[in-house]
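An overview of the molecular structure
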Amino acid sequence: MSKQGLAWSKLNEFISTKTGIFIQDLPDFDIHSWIEDDMTEEEVNNLIPDMAWDILDNAGMDMDTINRICYGEDCNE
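Quick look at the structure, then. (Residues numbered from 1 in each chain as written. Predicted model: local features only at pLDDT ≥ 70, side-chain atom pairs only at ≥ 80, totals over all residues. Heavy atoms only, no water.)

1. Digging into helix α1 (residues 3–19)
Note the threshold: Strands here mean DSSP runs of E at least two residues long; helices mean DSSP runs of H or I at least four residues long; both are numbered from the N terminus. Here a helix's expected span is defined as the number of its residues, less one, multiplied by 1.5 Å. When accessible area is computed with a 1.4 Å probe and restricted to protein chains, residues below 20% of their type maximum are described as buried, those above 50% as exposed, and intermediate ones as partly exposed. Only heavy atoms matter for contacts: two residues are in contact if any of them lie within 4.5 Å across the pair.
Taking 1.5 Å of rise per residue, the 17 residues of α1 would be expected to cover 24 Å, and the 24 Å separating its terminal C-alpha atoms lies within 8% of that figure. Taken residue by residue, α1 has Gln4, Leu6, Ala7, Leu11, Asn12, Phe14, Ile15 and Ser16 as its buried positions. For α1, the elements touching its buried residues are α2 (41–58) and α3 (63–71).

2. Quick notes on α3
Worth spelling out the cut-off: This arc describes the spread of directions from the helix axis toward the C-beta atoms. N or O atoms closer than or at 3.5 Å make up a polar contact, with two conditions inside protein: a donor-capable atom paired with an acceptor-capable one, and, for residues adjacent in sequence, both atoms drawn from side chains.
Within α3, burial applies to Ile66, Asn67, Ile69 and Cys70. Projected down its long axis, α3 carries its buried residues within an arc of 170°, all on one side. Residues of α3 that are buried in the fold lie against α1 and α2. One side-chain oxygen at the N-terminal end of α3 lies 3.3 Å from the backbone nitrogen of aspartate 64; it belongs to aspartate 62. Once α3 ends, the next one or two residues include glycine 72, with phi positive near 75°.

3. A few points about the environment of isoleucine 23
In this fold, isoleucine 23 is placed in the loop between α1 and α2. For isoleucine 23, a relative accessible area of 3% gives the class buried. For the pair formed by isoleucine 23 and leucine 56, sequence separation is 33 residues and the distance between their alpha carbons is 9.5 Å. Aside from chain neighbours lying at most four places away, what touches isoleucine 23 is Trp8, Leu11, Asn12 and Ile55.

4. What to know about the nonpolar core
Applied cut-off: Put simply, a nonpolar core is a bunch of buried Ala, Val, Leu, Ile, Met, Phe, Trp, Tyr and Cys residues held in one set by side-chain atoms that sit within 4.5 Å of each other.
With 21 residues, the main nonpolar core has Leu11, Ile15, Ile35, Met51 and Cys70 as its most contacted residues. When residues of this core are traced back to their parent elements, those giving at least two are α1, α2 and α3.

5. So, the pattern of salt bridges
Filter applied, for reference: Definition used for salt bridges: Asp or Glu carboxyl oxygen within 4 Å of a side-chain nitrogen of Lys or Arg.
A complete count under the given rule lists 1 salt bridge for this structure. When the shortest N-O distance is used, the salt bridge between glutamate 41 and lysine 10 registers 3.2 Å. Taken together, the residues span a long stretch of sequence, with glutamate 41 in helix α2 and lysine 10 in helix α1 at a distance of 31 residues. Under the relative-accessibility criterion, glutamate 41 is labelled partly exposed at 42%.

Spelled out as structure tokens, the structure:
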């Protein structure tokens, strides 16, 4: 599996598990601008919360909610 395919799968799982929304139901996302095939799986894993943050922000979700979903914290704390 390509690193983009791996990232897409992990990203979809991350978002759907935490929100109940599937990535296909959210605004378009260019995973190729985030993930390159020479990245390690650990590097891909480390980017999943940031990519999810970007997608959810583009979907119009408020910042406090996105921070809690992606990082487990409130940006006002």
